[in-house]
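Below, each chain spelled out in residue letters.
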Amino acid sequence: MATDVTPTNDTTTNVTTASGAPAREATGHEASARAVTPIGVGGTDAGPVDLNADLGEGFGRWRLTDDEELLSLVTSANVACGFHAGDAATMRRVCELAVERGVTIGAQVSYRDLAGFGRRAMDVPPAELAAEVAYQIGALEVFARAAGARVAYVKPHGALYNRVVRDEEQASAVVEGVLLADAALAVLGLPGSRLLELAAGAGLPAVTEAFADRAYTDEGTLVPRGRDGAVVSDPEAVVERSVSLARSGSVIAHSGARIAVRARSLCLHGDTPGAVDLGRRVRERLVAAGVRVEAFA
């Protein structure tokens with residue numbers, strides 16, 4: 001797969017998003033980023049759309065997500081690699097289930113922050129961050145290979161996801177870590193982010209994603225979670241927004257204006273109450289609307 005990223009001349013900035021609800025939200029990293037659109041992904045032609053979910057986010061006897069049920073709905077699994085959640089046994093189990101269901105395996109890399117679930121802002125030296133990203137990918141690759149597959153892509157988690165939207169140094173470190181692990185891996189992230197720009201510049205496939213259960217500003221950024229209406233809790237509204245994102249590459253912002261948000265992948269939050277039922281409804285409605293639900297890698 002060779003997906004390039006090129007600048008656009010759109011007046012509306014593509015969506016900025018967060019992965020999960022930060023324990024201490026780094027809102028400064030949710031600002032608008034330069035708009036980039038991966039060639040051949042998303043758009044108004046109702047092309048294929050991937051459904052991804054954050055999985056394996058338990059630890060020991062504690063489980064946050066219904067991995068088995070969600071793996072029957074998604075096409076890509078963002079597997080926690082032990083730094084914000086997950087452990088060896090969980091990683092192995094999720095990889096085996098993903099292979100059984102034909103789901104693509106991705107590494108969800110994070111700052112080293114088990115206590116804060118990877119949602120606390122941190123300043124990690126670039127060389128250290130690059131090594132830790134590669135380390136997490138390598139750990140998951142062991143279990144993916146044992147299950148008969150390979151890690152196909154990388155997605156940052158939580159505070160790291162937010163940080164690499166605009167922070168070139170941290171984004172560059174993540175790209176370096178991916179290259180250390182495997183120069184063929186795709187990178188999943190925010191449209192217009194520095195991460196995707198740098199990934200594409202390094203020859204890595206850059207893939208955009210969107211969230212149907214988060215409210216957007218007119219500028220295409222996420223409404224901070226502390227504000228009213230930041231999270232879309234009505235299941236039917238989430239389903240309708242998913243179809244709109246997939247078919248028209250747009251969504252209704254918090255103000256009521258329609259803004260452009262073009263993405264190849266839609267994220268289903270596995271820790272949302274009723275996540276399995278909601279995921280099933282989203283997938284069924286996408287198929288009914290004529291959208292092909294396919295993994296990007």
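Predicted model, so just to flag it, every value in this text is computed and none were measured.

Student: Account for the packing of helix H3 (residues 126-146) against helix H5 (residues 168-181), naming residues and giving values.
Tutor: In the contact formed by H3 and H5, the axes pass within 7 Å of each other and the chain directions differ by 40°. In terms of their interaxial angle, H3 and H5 are classed as oblique. Like other packed secondary-structure pairs, H3 and H5 cross with a definite hand, here right-handed. Every residue of H5 that contacts H3 at Pro126, Leu129, Ala130, Val133, Ala134 and Ile137 is listed here: Glu169, Gln170, Ala173, Val174, Glu176, Gly177, Val178, Leu180 and Ala181.

Student: I'd love a proper account of the sheet that holds strand S7 (residues 186-189), names of residues and values included.
Tutor: With respect to topology, seven strands assemble into a closed barrel ordered S3-S4-S5-S6-S7-S8-S11, the strand pairing being parallel. On average, each strand axis in the sheet is tilted by 30° relative to the strand beside it, whichever way the strands run. Relative to S7, strand S6 (residues 151-156) runs parallel, the two being bridged by two bridges. By the bridge assignment for S7, valine 154 is matched with valine 187.

Student: Which residues make up helix H6 (residues 194-201), and what values go with them?
Tutor: Counting buried positions over the eight residues of H6 gives six, a clear majority of the element. At the C-terminal side of H6, glycine 203 shows a positive phi close to 90°.

Student: How would you sum up the confidence of the model for the protein? Please name residues and give values.
Tutor: In the predicted model, the protein carries a mean pLDDT of 84, and the fraction of residues at 70 or more is 84%. Low pLDDT, under 50, characterises residues 1-44; the predicted model gives this stretch 135 contacts beyond four residues in sequence or across chains.

The rules behind these values
- Residues numbered from 1 in each chain as written.
- Predicted model: local features only at pLDDT ≥ 70, side-chain atom pairs only at ≥ 80, totals over all residues.
- Heavy atoms only, no water.
- Axes fitted to C-alpha atoms, helices over the stretch in contact; angles between N-to-C directions.
- Helix = DSSP H or I, 4+ residues; strand = E, 2+ residues; numbered from the N terminus.
- Parallel < 35°, antiparallel > 145°, perpendicular 65-115°, else oblique.
- Left-handed = near helix turned anticlockwise from the far one by under 90°.
- Contact = heavy atoms within 4.5 Å.
- Pairing = 2+ DSSP bridges.
- Buried < 20%, exposed > 50% of the residue type's maximum accessible area, 1.4 Å probe, protein only.
- pLDDT = per-residue confidence, 0-100.

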